[in-house]
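# Structure assessment
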Amino acid sequence: MTYPFAAHTLPKASASERRGKTGELGGSPAKTVTRGNTPWKAWKHLSNIKNRERYKEEEEFPCVKCFTAGEFLDGNKDADSWFLMIETFDPHEPFHAPERFKKLFETGYTGKILDWPVYEKVTNSADEIAEIRANYAALVAMCDDQFGRLLDAFDKDGLWENTALVVTTDHGFLLSEHDWWGKNRTPYHEEISHIPLMIYHPDYAAKGGERRSALAQQTDLMPTFLDFASAGRPSEVTGCSLRKVLEADEPVRDDLILGMFGGPICATDGRYTYYLFPDSLTGEGFNEYTVMPTHLRSYFDVREFEGAEMPGPFEFTKSMPIMKIKARDFAERIPWLEQQGGFADVGTVLYDLATDPQQERPVDAPEVVAALRQSITRHLWRHDAPPETFVRYGLTEEKLAMERPLERVGKPT
């Protein structure tokens with residue numbers, strides 16, 4: 001299989017897909033290629049090829065322009081109470097970087113362009129794997145170089161004296177680890193879910209370079225920023241301020257959970273990671289709750305609204321009712337069950353990170369599993385998860401067995 005990794009080779013499509021509803025591809029009359037008549041993978045690659053025509057020089061790359069937002073500092077460095085977020089999107093596929101960064105990681109590979117892995121099992125040669133990883137490294141190097149521009153601004157303007165700086169990301173990416181490319185279709189292995197978080201605050205400058213072992217997650221960012229600004233935290237927020245973690249390596253929680261819609265739920269206490277899969281990964285018996293019926297790249301299909309309801313609000317929706325829509329397997333939703341095959345490597349499993357940080361050897365520890373199942377149940381209950389969630393993940397007994405009331409969202413602990 002060669003097409004997924006070639007930036008200039010389009011995915012295969014059937015004749016009917018290539019033709020669209022009317023006309024013949026390459027025949028008469030000519031047909032304009034649009035998002036509506038082109039297979040998604042082909043459209044995505046075509047769009048990227050067209051976009052690359054717009055940036056040839058390094059200063060034209062999106063990442064470089066993103067960090068140019070740092071010019072905000074020129075007009076606001078002497079002001080107080082401002083917040084600047086620089087979201088670069090990179091390093092993200094396609095792994096396209098300027099030549100000077102690619103030269104740092106040359107592999108000697110001379111085949112087709114390999115910078116856009118599809119989320120699938122690895123079937124590539126060692127040389128191809130090395131080239132894809134080298135292109136990723138080149139893109140990371142460009143991001144690092146651009147981040148240096150922001151650090152230079154901190155040096156030049158003395159911002160280290162009165163400005164906090166937080167660096168993090170949303171997820172990692174499998175670069176052939178666990179024999180996979182990408183994310184979304186596999187369990188949330190450490191390479192995907194254990195993400196970097198670096199925090200500088202002038203009040204704790206003397207602790208620079210220290211590491212912390214406390215469990216944290218992205219929901220902690222907002223309450224941390226509010227704490228830095230001496231602002232109150234809304235009652236429905238369940239994240240934790242990490243300010244006290246800067247003071248000392250003390251925990252802010254015993255465990256946490258993470259996941260994605262319909263997929264496995266991961267629970268960890270920092271040592272063990274437990275991936276709880278439902279019995280079925282279809283949408284049967286599961287629902288989507290929303291006030292904005294759109295998927296990642298499309299509106300909901302009209303067929304998805306069949307049987308839709310408008311139930312009462314959740315505790316975190318501030319009394320606002322929302323739509324309850326049956327989850328459909330044909331929905332344009334990650335991981336695209338019908339379009340891309342959905343989740344793979346399915347099966348509930350437990351790993352001990354202390355002895356197996358690469359998560360290659362599942363362990364059998366019933367007491368740990370029981371504790372982490374209770375953890376998942378507690379977190380779901382606290383966030384007012386709908387009843388069918390506990391059924392889907394086989395947690396009804398754990399929910400019934402909870403011995404004391406727990407505080408949910410919107411009720412301060």
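Given the structure is predicted, the values throughout are model-derived calculations rather than measurements.

Parameters at a glance
Residues numbered from 1 in each chain as written. Predicted model: local features only at pLDDT ≥ 70, side-chain atom pairs only at ≥ 80, totals over all residues. Heavy atoms only, no water. Helix = DSSP H or I, 4+ residues; strand = E, 2+ residues; numbered from the N terminus. Buried < 20%, exposed > 50% of the residue type's maximum accessible area, 1.4 Å probe, protein only. Contact = heavy atoms within 4.5 Å. Salt bridge = Lys/Arg side-chain N within 4 Å of Asp/Glu carboxyl O. Pairing = 2+ DSSP bridges. Axes fitted to C-alpha atoms, helices over the stretch in contact; angles between N-to-C directions. Core = buried A, V, L, I, M, F, W, Y, C linked by side-chain atoms within 4.5 Å. Arc of directions from axis to C-beta. Expected span 1.5 Å × (residues − 1). Patch = residues over 30% accessible without salt bridge, like charges linked within 9 Å, V, L, I, M, F, W, Y side chains within 5 Å. Areas by Shrake-Rupley, 256 points an atom, 1.4 Å probe, with all protein chains shown as cover. Polar contact = N/O pair within 3.5 Å; in protein donor to acceptor, adjacent residues only side chain to side chain. pLDDT = per-residue confidence, 0-100. Phe/Tyr/Trp six-rings, centres within 6.5 Å; stacked < 30°, edge-to-face > 60°. Disulfide = S-S within 2.5 Å.

## Points about the overall build of the chain
Counting its secondary structure elements, the chain contains 13 helices and 10 strands. The burial tally for the chain puts 39% of its 413 residues in the buried class. For the chain, contacts bridging at least 24 residues in sequence account for 66% of all contacts bridging at least 6.

## A few points about the pattern of salt bridges
Taken as a whole and judged by the stated rule, the model has 19 salt bridges. Residues Asp345 and Lys121 are paired through a salt bridge, measuring 3.5 Å at the closest nitrogen-oxygen approach. Of the two residues, Asp345 is situated in the loop between helix H10 (337-340) and strand S10 (349-352) and Lys121 in the loop between helix H5 (99-102) and helix H6 (126-157); the sequence distance between them amounts to 224 residues. Taking the shortest distance from any N to any O, the salt bridge between Arg303 and Asp301 comes out at 3.1 Å. Looking at Arg303, the relative accessible area reads 48%, which means it is partly exposed. Exposure remark for Asp301: the relative accessible area of 28% places this residue in the partly exposed category. Via salt bridges that share partners, Glu58, Arg100 and Asp145 belong to a single interconnected network.

## Some thoughts on the sheet that holds strand S6 (residues 265-268)
If you trace the four strands from one edge of the open sheet to the other, you get S5-S6-S7-S10, paired in antiparallel fashion. Looking along the sheet, the strands with just one partner apiece sit at the ends: strand S5 (256-259) and S10. Neighbour-to-neighbour, the strand axes of this sheet turn through a mean angle of 20°, independent of strand direction. Where S5 meets S6, four bridges bridge the pair, whose relative direction is antiparallel.

## Notes on the nonpolar core
Nonpolar side chains in soluble globular proteins generally cluster together in the buried interior. Residues Phe95, Phe101, Met142 and Leu150 are the most contacted members of the largest nonpolar core, which totals 27 residues. Residue contributions to this core peak at 11 residues, all from H6. When near neighbours in sequence (up to four residues on either side) are disregarded, Phe95 contacts Asp115, Pro117, Ile132, Asn135, Tyr136, Leu139, Phe173 and Leu175. By size, the runner-up hydrophobic cluster in this structure holds 17 residues, among which are Leu372, Leu380, Trp381 and Ala385.

## Quick word on the environment of Ala401
In this structure, Ala401 sits in helix H13 (residues 396-401). Since its relative accessible area comes to 52%, Ala401 is described here as exposed. Separated by 27 residues in the primary sequence, Ala401 and Gln374 have C-alpha atoms spaced 9.2 Å apart.

## Some remarks on helix H8 (residues 221-228)
What sets the pattern is the α-helix's 3.6 residues per turn: residues three or four places apart point alike. Within H8, burial applies to Leu221, Pro223, Thr224 and Phe228. An end-on view of H8 places all buried positions within 165° of arc, on one side of the element. Elements in contact with the buried residues of H8: strand S1 (165-168), strand S4 (197-200) and helix H9 (243-247). Ser230 sits one or two residues past H8 and shows a positive phi near 55°.

## Regarding helix H11 (residues 366-382)
Between its terminal C-alpha atoms H11 stretches 24 Å, which fits the 24 Å expected from 17 residues at 1.5 Å a residue. All of the buried residues in H11 are Val368, Leu372, Arg373, Ser375, Ile376, Thr377, His379, Leu380 and Trp381. Against the buried residues of H11 lie S5, S6, strand S7 (272-276), S10, helix H12 (387-392) and H13. Just downstream of H11 lies Asp384, where phi reads positive at about 55°.

## Let's talk about a nonpolar patch on the surface
A surface patch of nonpolar side chains, about 320 Å² in accessible area, is lined by Val291, Met292 and Met320. For Val291, the location among the structural elements is in the loop between strand S8 (287-290) and strand S9 (323-326).

## Some details on the side chain of Thr163
Structurally, the position occupied by Thr163 is in the loop between H6 and S1. Looking at Thr163, its side chain comes within polar contact range of the side chain of Asn162, at 2.9 Å. In contact with Thr163, not counting residues within four places along its chain, are Trp82, Phe154, Tyr200 and Pro202.

## Let's talk about the confidence of the model for the chain
Taken residue by residue, the chain gives an average pLDDT of 87. The fraction at 70 or more is 88%. Counted against residues more than four places away or in other chains, residues 1-30, with its pLDDT under 50, gives 51 contacts.

## Observations concerning the packing of aromatic side chains
Applying the stated criterion to the full structure yields 13 aromatic pairs. The interplanar angle of 70° and the centroid separation of 5.6 Å between the aromatic rings of Phe72 and Trp82 together place this pair among those described as edge-to-face. Linking Phe72 in helix H4 (residues 72-76) with Trp82 in the loop between H4 and H5, this pair joins segments that are 10 residues apart in sequence. Take Phe72: its relative accessible area is 29%, and that puts it in the partly exposed class. For Trp82, a relative accessible area of 24% gives the class partly exposed. Aromatic side chains Phe95 and Tyr136 sit 5.1 Å apart centroid to centroid with 75° between the ring planes, which places their arrangement in the edge-to-face category. Placement of Phe95 in the loop between H4 and H5 and of Tyr136 in helix H6 is noted, with a sequence separation of 41 residues between them. The exposure class assigned to Tyr136 is partly exposed, which follows from its relative accessible area of 22%. Chaining the aromatic ring pairs together yields one cluster made of Phe95, Tyr119, Tyr136 and Phe173.

## Concerning the state of the cysteines
Counting across every chain of the model gives zero disulfides. Considering cysteine sulfurs only, Cys143 is the nearest to Cys63, which forms no disulfide, with 3.9 Å between them. Judged by relative accessible area, which is 0%, Cys63 ranks as buried.

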